[in-house]
Amino acid sequence: MVAELNKIANEASAPAGTLVDVDSVTLQYKTSSLLVTATESVSFSVEQSDRFVLLGPSGCGKSTLLKAIGGYMKPTSGSIRVAGRPVVRPGADRMMVFQEFDQLPPWKTVLENVMFPLLATGRMRRREAEERARHYIDKVKLTRAIDSYPHTLSGGMKQRVAIARGMAMQPDVLLMDEPFAALDALTRRQMQDELLQLWDETRFTVIFVTHSIAEAIKISNRILLLSPHPGRVKAEVRNVDAAKSDTTEAAALEKRIHDLLFSEAVEEHSHVQG
Ligand SMILES: Nc1ncnc2c1ncn2[C@@H]1O[C@H](COP(=O)(O)OP(=O)(O)OP(=O)(O)O)[C@@H](O)[C@H]1O
Ligand SMILES: [Mg+2]
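This one's a predicted model, so the numbers in the text were calculated from it and none came from an experiment.

Trainee: How would you explain the overall build of the protein chain if you had to name every residue and give the values?
Mentor: On a plain count of helices and strands, the protein chain comes out with 8 helices and 11 strands. The buried share of the protein chain, taken over its 274 residues, is 49%. Roughly 13,700 Å² of accessible area belongs to the protein chain as shown, and the carbon and sulfur atoms make up 52% of that amount.

What follows is the structure in structure tokens.
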């Protein structure tokens with residue numbers, strides 16, 4: 001009977017189709033002199049093919065949450081599951097793209113950079129890895145730069161390499177931590193468009209961190225709003241259809257998100273329809 005009830009409770013906490021299940025996760029940094037609580041009891045679930053955005057002000061724990069999903073940090077309490085498996089360490093099922101342009105080993109060409117994790121996991125022979133890498137390099141429009149070294153590339157091109165490297169692994173979920181934040185406004189828009197195009201082709205699942213409301217609305221289908229430090233869930237918002245991202249409906253949603261982010265109340269798990 002108890003086992004039966006537990007089973008029902010577990011099913012209730014992770015509905016069918018859930019790919020990433022973050023359940024009451026508190027994340028803390030402990031140094032010799034202080035304890036910093038980055039997030040407090042954060043829960044959300046990401047479905048297959050979601051473009052799920054974590055949105056909140058600087059210091060609210062977005063990067064920390066992403067690191068925990070990536071398996072680089074262990075929750076103080078709560079649990080994280082990806083495809084039903086508890087996250088205990090980094091894994092090829094969760095690839096990260098960071099904000100910094102220097103995430104690529106400089107001594108490897110574009111092709112070698114994208115091939116590297118494919119070979120490192122030992123899942124593929126060289127020829128197969130190269131074929132896969134070329135495919136994704138083409139998808140991010142870098143075929144002409146395939147033999148170039150990172151220092152000869154622009155910031156946007158380096159981020160494309162990092163995206164191709166992540167996608168080539170065909171992870172369950174791609175984790176992107178403000179990947180376009182250091183780009184100029186025009187390149188940033190272009191990269192957002194390209195990411196959406198890529199998503200349209202392969203329908204991968206992505207968790208995308210940003211502190212830009214406009215970027216969240218452009219990229220996502222769902223947005224989790226986090227309160228300032230320590231991060232708690234303020235609300236979850238279902239975005240307007242991507243095709244309507246330039247409409248008055250989107251403008252109204254942008255205002256609503258702004259108001260929610262700057263309101264005092266923490267509306268845990270209130271769902272706002274876009
Ligand atoms: N290595 C660390 N040691 C101690 N505290 C840390 C460490 N990294 C982050 N923090 C603290 O944890 C909190 C959350 O940091 P985090 O980097 O996750 O925020 P963020 O939402 O990603 O911010 P930003 O938008 O500026 O990138 C902050 O108060 C930060 O100072
Ligand atoms: Mg951050």
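Trainee: Lay out the site of ligand 1 with the relevant residues and their values.
Mentor: Looking at ligand 1, there are 14 residues lining it, with Ser58, Gly59, Lys62, Ser63 and Thr64 nearest. Between an oxygen atom of ligand 1 and a main-chain N or O atom of Cys60, the distance comes to 3.2 Å. For ligand 1, whose accessible area on its own is 640 Å², the fraction buried by protein is 65%. Elements with a minimum of two residues in the shell around ligand 1: β2 (35-47) and α2 (62-70).

Trainee: For the packing of helix α4 (residues 126-139) against helix α5 (residues 155-168), give the residues involved together with the corresponding values.
Mentor: Where α4 meets α5, the axes come as close as 9 Å, and the angle between the chain directions of the two elements is 135°. Taken together, the axes of α4 and α5 lie oblique to each other. Here the hand of the crossing between α4 and α5 comes out right-handed. Facing Arg132, Tyr136 and Ile137 of α4, the residues of α5 in contact are Ala164, Met167 and Ala168.

Trainee: Provide a residue-level description of the sheet that holds strand β1 (residues 18-30), including the pertinent values.
Mentor: Adjacent strands of a sheet pair through backbone hydrogen bonds, lying either parallel or antiparallel. Strand order across the open sheet formed by 4 strands is β2-β1-β4-β5, with antiparallel pairing between neighbours. Here the strands that pair on one side only, and so sit at the sheet edges, are β2 and β5 (85-86). The pairing of strand β4 (residues 77-82) with β5 spans 2 bridges and is antiparallel. Residue Val82 lies in a different strand from β5, and its bridge partner there is Arg85.

Trainee: Before we move on, could you go through the pattern of salt bridges and cite the residues and values that matter?
Mentor: Throughout the structure, instances matching the rule amount to 12 salt bridges. The closest approach of N and O atoms between Glu130 and Arg134, which form a salt bridge, is 3.0 Å. A residue pair is termed a helical-turn pair when its members lie 3 or 4 positions apart in one helix, as Glu130 and Arg134 do in helix α4 at 4 residues. Judged by relative accessible area, which is 39%, Arg134 ranks as partly exposed. Between Glu194 and Arg160 there is a salt bridge, and its shortest N-O distance comes to 2.9 Å. One end of the pair, Glu194, is in helix α6 (residues 185-202); the other, Arg160, is in helix α5, and 34 residues separate them in sequence. Residue class for Glu194 comes out buried when judged on its relative accessible area of 13%.

Trainee: Talk me through unusual backbone geometry; I want residue IDs and the actual numbers.
Mentor: Cis rather than trans, the peptide bond between His229 and Pro230 has omega equal to -10°. Within the secondary structure layout, Pro230 lies in the loop between β9 (222-226) and β10 (233-238). Of note, Ser24 is a non-glycine position whose phi angle comes to about 50°, a positive value. Along the chain, Ser24 falls in strand β1. Even without being a glycine, Gln170 presents a positive backbone phi close to 45°. Positionally, Gln170 belongs in the loop between α5 and β7 (173-177). A residue is classified by how much of its surface remains accessible, and Gln170, at 46% relative accessible area, is partly exposed.

Trainee: So what's going on with the confidence of the model for the protein chain? Which residues, and what values?
Mentor: Scored by pLDDT, the protein chain has a mean of 90; 89% of the residues are at 70 or more. Of all secondary-structure elements in the protein chain, the lowest mean pLDDT belongs to helix α1 (residues 2-13), at 47, while strand β3 (residues 51-55) reaches the highest, 98. Confidence drops under a pLDDT of 50 for residues 5-12, and excluding neighbours within four residues, the segment shows 0 contacts in the predicted structure.

Trainee: Account for the pairing of β3, naming residues and giving values.
Mentor: For a regular strand, the rule is simple: side chains alternate between the two faces of the sheet. β3 sits mainly inside the fold: 5 of its 5 residues count as buried. Burial along β3 is two-sided: the face carrying Arg51, Val53 and Leu55 and the face carrying Phe52 and Leu54 are both buried. With 5 bridges connecting them, β3 and strand β8 (residues 206-210) associate as parallel partners. Bridged to Phe52 within β8 is Ile207. The pairing of β3 with β9 spans 4 bridges and is parallel. In the strand pairing of β9, Leu55 is matched with Leu225.

The rules behind these values
Residues numbered from 1 in each chain as written. Chains lettered and ligands numbered in written order. Predicted model: local features only at pLDDT ≥ 70, side-chain atom pairs only at ≥ 80, totals over all residues. Heavy atoms only, no water. Helix = DSSP H or I, 4+ residues; strand = E, 2+ residues; numbered from the N terminus. Buried < 20%, exposed > 50% of the residue type's maximum accessible area, 1.4 Å probe, protein only. Areas by Shrake-Rupley, 256 points an atom, 1.4 Å probe, with all protein chains shown as cover. Near = heavy atom within 4 Å. Polar contact = N/O pair within 3.5 Å; in protein donor to acceptor, adjacent residues only side chain to side chain. Axes fitted to C-alpha atoms, helices over the stretch in contact; angles between N-to-C directions. Parallel < 35°, antiparallel > 145°, perpendicular 65-115°, else oblique. Left-handed = near helix turned anticlockwise from the far one by under 90°. Contact = heavy atoms within 4.5 Å. Pairing = 2+ DSSP bridges. Salt bridge = Lys/Arg side-chain N within 4 Å of Asp/Glu carboxyl O. pLDDT = per-residue confidence, 0-100.

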